[in-house]
Amino acid sequence: QVQLVESGGGLVQAGGSLRLSCAASGRTFSGHVMGWFRQAPGKEREFVAAISWTGGNIDYADSVKGRFTIRRDNAKNRVDLQMNSLKPEDTAVYYCVADLRPSAIWSLSAQVEKWGQGTHVTVSS
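This section reports on the structure supplied with the text.

Rules of the game
- Residues numbered from 1 in each chain as written.
- Predicted model: local features only at pLDDT ≥ 70, side-chain atom pairs only at ≥ 80, totals over all residues.
- Heavy atoms only, no water.
- Helix = DSSP H or I, 4+ residues; strand = E, 2+ residues; numbered from the N terminus.
- Rg over C-alpha atoms; globule rule 2.2 N^0.38 Å.
- Buried < 20%, exposed > 50% of the residue type's maximum accessible area, 1.4 Å probe, protein only.
- Contact = heavy atoms within 4.5 Å.
- Areas by Shrake-Rupley, 256 points an atom, 1.4 Å probe, with all protein chains shown as cover.
- Lys, Arg positive; Asp, Glu negative; His and termini not counted.
- Charge placed at Lys NZ, Arg CZ, Asp CG, Glu CD.
- 1 Å grid on protein atoms, 1.4 Å probe; cavity = no way out; pocket = protein on both sides within 12 Å on 5 of 7 lines; lining within 4 Å.
- Points joined across faces, edges and corners; volume = space filled by probe spheres on them.
- Nonpolar A, V, L, I, M, F, W, Y, C, P; charged D, E, K, R; others polar.
- Pairing = 2+ DSSP bridges.
- Axes fitted to C-alpha atoms, helices over the stretch in contact; angles between N-to-C directions.
- Salt bridge = Lys/Arg side-chain N within 4 Å of Asp/Glu carboxyl O.
- Polar contact = N/O pair within 3.5 Å; in protein donor to acceptor, adjacent residues only side chain to side chain.

**Focus: the overall build of the protein chain**
So, point 1. The helix and strand tally for the protein chain stands at one helix and 11 strands.
So, point 2. Ordered by position from the N terminus, the helices and strands of the protein chain form the series β-β-β-β-β-β-β-β-β-α-β-β.
So, point 3. Computed over its C-alpha atoms, the radius of gyration of the protein chain comes to 13 Å, within 12% of the 14 Å expected for a compact globule of 125 residues.
So, point 4. Taken along its principal axes, the extent of the C-alpha atoms in the protein chain is 40 × 25 × 25 Å.
So, point 5. Going through the 125 residues of the protein chain one by one, you find that 44% of them count as buried.
So, point 6. Here the analysis covers contacts within the protein chain between residues at least 6 apart in sequence; of these, 58% occur between residues at least 24 apart.
So, point 7. For the protein chain, the exposed surface amounts to about 6,400 Å²; the carbon and sulfur share of it is 48%.
So, point 8. Positive and negative side-chain charges of the protein chain, numbering 14 and 11 respectively, have mean locations separated by a distance of 4 Å.

**Considering the layout of surface pockets**
So, point 1. Counted as a void, the largest pocket has a volume near 220 Å³.
So, point 2. Contributing to the lining of the largest pocket are 13 residues, with Arg38, Ala40, Lys43, Glu46 and Glu89 lying nearest its centre.
So, point 3. Of the residues that constitute the lining of the largest pocket, the class distribution is two nonpolar, three polar and eight charged.

**What to know about the sheet that holds strand S1 (residues 3–7)**
So, point 1. Taken in spatial order, the four strands of this open sheet run S1-S3-S8-S7, and their pairing is antiparallel. In this open sheet, the two strands that pair with only one neighbour each are S1 and strand S7 (68–73). The sheet shows a mean angle of 15° between the axes of neighbouring strands, taken without regard to direction.
So, point 2. Strand direction decides the pairing type here: strand S3 (residues 18–25) and strand S8 (residues 78–83), joined by six bridges, are antiparallel. Note that in S8 the partner of Ala23 across the bridge is Arg78.

**A short note on the side chain of Arg72**
So, point 1. Tracing the backbone shows Arg72 in strand S7.
So, point 2. Buried and unpaired, Arg72 has no salt bridge, with Asp73 as the nearest side chain of opposite charge at 8.2 Å.
So, point 3. Within polar-contact distance, the side chain of Arg72 engages the backbone oxygen of His32 at 2.9 Å.
So, point 4. A distance of 3.1 Å separates the side chain of Arg72 from the backbone oxygen of Ser52, its partner in a polar contact.
So, point 5. Excluding its chain neighbours within four sequence positions, the residues that come into contact with Arg72 are Phe29, His32, Val33, Met34, Ile51, Ser52, Trp53, Arg78 and Val79.

**Section: the environment of Val97**
So, point 1. Mapped onto the elements of the fold, Val97 is located in strand S9 (residues 92–99).
So, point 2. Accessibility expressed as a relative area gives 0% for Val97, which makes it buried.
So, point 3. When the C-alpha positions of Val97 and Arg67 are compared, they lie 20 Å apart, and in sequence the two are 30 residues distant.
So, point 4. With residues up to four places along the chain from it excluded, the contact list for Val97 reads Leu4, Val33, Met34, Gly35, Trp36, Phe37, Trp106, Val112, Lys114 and Trp115.

As C-alpha cells, this is what we get:
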C-alpha cells in the first residue's frame, strides 16, 4: 500500500521552530510534486507549501513565506518542512500530500491525489 507518514509535530512556544518530515512508503513518488497543507480547528484546509520533483519549483502560501522552508530528498522518498518563527496562528494539523500534477492545479482546491494522516502542531503564545 502507498502511504505518506508525517512526523515531527508537537507543542512549541511562539517564536520557536519545528521540523516536520514526511516519508513515502509502499512505492516511490517518482515525478510527484510533494507538499503540505494544514487545517486549523474550525477552518478549511489551507495550502502551505509544495516542491516539484527536481526541486526547481517551490511554492509557499503568503502566510508562511520567509518563515517556512520545504525540502525533499528523492533518494529517501522524503520531504521536510522547516518551520521557524512560529506563531499561534500556525497551530493546525499539518498534512503531507503528493500529486503528479503541478501544485498550481490543486493548491486552492485541495483536490490532491494522496494525503498523509496528519501531524499536530500547537504554537502557544
